[in-house]
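Summary of structural features
Residues per chain, in single letters:
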Amino acid sequence: MTTMDLEIANARYAGLRWNSPLSEEHADDLIRRLDISPSSTVADLGCGWAELLIRAVTPVGARGIGVDIDRNALQRGREAAEVGGARITLLEQEASNYRDSADRVICIGSSHALGGTSAMLKRLAEIVPQGGRVLVGDMCWESAPTEEARSMFGEEIPTLHGLVKRCREAGWMVLHLATADQREWDTFESSHRAGLREWIIANPRDGKADEIRAQQDEREDRYLTVYRGVLGFAYLVLSR
Ligand SMILES: C[S@@+](CC[C@H](N)C(=O)[O-])C[C@H]1O[C@@H](n2cnc3c(N)ncnc32)[C@H](O)[C@@H]1O
């Protein structure tokens, strides 16, 4: 990877606090509902740069383990954890290879890393002992999808009710349920592009600037014409 490629890779997520449509206030509420104690072990499967995990474990002094396959993201997380003094270990490995148990698990936007929604819910029930809690963030249809939306996101996306039914099938009870609101989505989508757009502004004559700009514009078009208000994102705190 060239220095410029690394700069572009880092810029890609630079505008995001975390990689899901989630406000800080909403995140605080979800963390509180996880009811983490100092003796808890919190695993985050598909943690990205682990910002939510760091915020979840640091105030209570709990232990955190984050797993992801993105080396750059993990490095960003390690640097943030060091600054904040978090007791976390970030492992570069497949989420499906996570073998330990944990009394709290976070899996947000990463169900694909465990084989899809139903397989993820089943696997979390093996990792978390009875009485434990999980925080899951997953896609669902907010309103009836068009054919274009279906072909973009696949046939596996459930309605919110369908997602809750999949939780029940895996033995989970819903303690809390909320979907990302429009402002969280708009902030997420804009922030997803902000890092690279700032890179383009700083490097207007770079050979990759036009290509990246076209990609960003295409994603913005798709958001505005295909899935804004159609694709939803649900956060569920589950126990059993
Ligand atoms: C949409 S991001 C969500 C990241 C994080 N949970 C958050 O909310 O900021 C999905 C993450 O899953 C990770 N991922 C994808 N496949 C994976 C796998 N097989 N094992 C572990 N992580 C994986 C990606 O690298 C990415 O960081």
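Before reading further, recall that the structure is shown in the block above.
So, here is what we can say about the structure in this document. (Residues numbered from 1 in each chain as written. Predicted model: local features only at pLDDT ≥ 70, side-chain atom pairs only at ≥ 80, totals over all residues. Heavy atoms only, no water.)

Regarding the side chain of H192
If you trace the backbone, H192 turns up in helix α8 (residues 182–202). Look at H192 and you get buried, because its relative accessible area is 14%. When residues no more than four places from it in sequence are discounted, the contact partners of H192 are R12, Y13, L16, N19, Q216 and R219. (Helix = DSSP H or I, 4+ residues; strand = E, 2+ residues; numbered from the N terminus. Buried < 20%, exposed > 50% of the residue type's maximum accessible area, 1.4 Å probe, protein only. Contact = heavy atoms within 4.5 Å.)

Describing the packing of aromatic side chains
Per the stated rule, a full pass over the model turns up seven aromatic pairs. Ring centres of W185 and Y227 lie 6.5 Å apart, and the angle between their planes is 70°; this geometry places the pair in the edge-to-face category. One end of the pair, W185, is in helix α8; the other, Y227, is in helix α9 (residues 209–227), and 42 residues separate them in sequence. With respect to class, W185 is no different from Y227; both count as buried. Put simply, the rings of W141, F153, W185, F188, Y223 and Y227 touch in pairs and so form one group of aromatic residues. Over the ring of W18 we find R17; its NZ or CZ atom is 5.8 Å from the centre of that ring. (Phe/Tyr/Trp six-rings, centres within 6.5 Å; stacked < 30°, edge-to-face > 60°. Lys NZ or Arg CZ within 6 Å of the ring centre and 35° of its normal.)

Looking at unusual backbone geometry
Positive phi values are uncommon outside glycine, yet D35 reaches one of about 55°. Positionally, D35 belongs in the loop between α2 (24–34) and β1 (41–45). Looking at D35, the relative accessible area reads 45%, which means it is partly exposed. The phi dihedral of A50 is positive, around 65°, even though this residue is not glycine. For A50, a relative accessible area of 0% corresponds to the buried category.

Such coordinate-based values are descriptive only and should not be taken to indicate function.
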